[in-house]
Amino acid sequence: MKDCIFCKIAGGEIPAEVVYEDEQVVAFNDLNPVAPVHILLIPRLHIPSFDDIKPEHKELMGHLAWVAGELARQKNINEGGYRLIMNCGRDGGQEIFHLHFHLLGGKPLGSSLLGRE
Ligand code: AMP
Ligand code: ZN
């Protein structure tokens, strides 16, 4: 998708601190981390938001969730616990319209949703 910053990251056109990638998924550090571990996980496929998931994306979404869990174990935040967030749409606070999970951990996250007030 032209003009999508996360498609550009997935395509290597924009640099990012990539921590994991395979044929379907890319994970990279958030530019403005709100926790010691703050990783964004995206499908390479441009799906704008959670509201755009179709039946044919079920396997991809399962894989994305699996990779999130694997990265949590790799970063050693699984025992302490972590938060997996997906913002959807305007009221959900979504800023970038290429579907992504935030994987947050490495400190007690409290009750505010993204650690931002
Ligand atoms: P959201 O509000 O869920 O759409 O979150 C978008 C996230 O993308 C924010 O946490 C930003 O800090 C992050 N972000 C924006 N641009 C970049 C980038 N070029 N590289 C890494 N993270 C980014
Ligand atoms: Zn995109």
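Predicted model only: the values in this text are computed from it and were never measured.

(A) Representation of the site of ligand 1. Close contacts around ligand 1 come from 17 residues, with D30, E95, I96, H100 and H102 the closest. Between E95 and ligand 1, the recorded distance is 2.7 Å, taken from a backbone N or O atom to an oxygen atom. Bound to the protein, ligand 1 loses 91% of the 510 Å² it would expose on its own. With 3 residues, the single largest contributor to the shell around ligand 1 is helix 1 (residues 5–10). Residue composition of the shell around ligand 1, by class: 7 nonpolar, 7 polar and 3 charged.

(B) Looking closely at the coordination of the zinc ion (ligand 2). Ligation of the zinc ion (ligand 2) by protein atoms is provided by C4 (SG), C7 (SG), H46 (ND1) and H98 (ND1), these donors lying 2.0 to 2.3 Å from the ion. Here the zinc ion (ligand 2) is ringed by 4 donor atoms whose angles at the metal span 106 to 116°, and the overall shape comes out tetrahedral. Sequence positions of the donors to the zinc ion (ligand 2) reduce to the motif C-x2-C-x38-H-x51-H. Taken together, the residues C4 in the segment before helix 1 and H46 in the loop between strand 3 (37–43) and helix 2 (58–74) connect sequence positions 42 residues apart. Owing to a relative accessible area of 8%, C4 belongs among the buried residues under this scheme.

(C) Examining the nonpolar core more closely. Residues I39, L41, L64, L71, L99 and L103 are the most contacted members of the largest nonpolar core, which totals 18 residues. Looking at this core, the elements with two or more residues in it are strand 2 (25–29), strand 3, helix 2 and strand 5 (101–105).

(D) Structural detail: helix 2. For helix 2, which comprises 17 residues, the first-to-last C-alpha distance of 24 Å matches the rise-based estimate of 24 Å (1.5 Å per residue) to within 8%. L60, M61, L64, V67, A68, G69, L71 and A72 are the residues of helix 2 that are buried. On its buried face, helix 2 is in contact with strand 1 (18–21), strand 2, strand 3, strand 4 (82–85) and strand 5.

(E) Examining the pattern of salt bridges more closely. One pass over the structure, following the stated rule, counts 4 salt bridges. Between D91 and R90 there is a salt bridge, with the nearest N and O atoms lying 3.4 Å from each other. Residue D91 is classed as exposed on the basis of its relative accessible area of 72%. Judged by its relative accessible area of 73%, R90 falls in the exposed class.

Calculation notes
- Residues numbered from 1 in each chain as written.
- Chains lettered and ligands numbered in written order.
- Predicted model: local features only at pLDDT ≥ 70, side-chain atom pairs only at ≥ 80, totals over all residues.
- Heavy atoms only, no water.
- Near = heavy atom within 4 Å.
- Polar contact = N/O pair within 3.5 Å; in protein donor to acceptor, adjacent residues only side chain to side chain.
- Areas by Shrake-Rupley, 256 points an atom, 1.4 Å probe, with all protein chains shown as cover.
- Helix = DSSP H or I, 4+ residues; strand = E, 2+ residues; numbered from the N terminus.
- Nonpolar A, V, L, I, M, F, W, Y, C, P; charged D, E, K, R; others polar.
- Donors = N, O, S within 2.8 Å, 3.2 Å for Na, K, Ca; no water.
- Tetrahedral: all angles 85-135°; square planar, octahedral: opposite > 155°, others 65-115°.
- Buried < 20%, exposed > 50% of the residue type's maximum accessible area, 1.4 Å probe, protein only.
- Core = buried A, V, L, I, M, F, W, Y, C linked by side-chain atoms within 4.5 Å.
- Expected span 1.5 Å × (residues − 1).
- Contact = heavy atoms within 4.5 Å.
- Salt bridge = Lys/Arg side-chain N within 4 Å of Asp/Glu carboxyl O.

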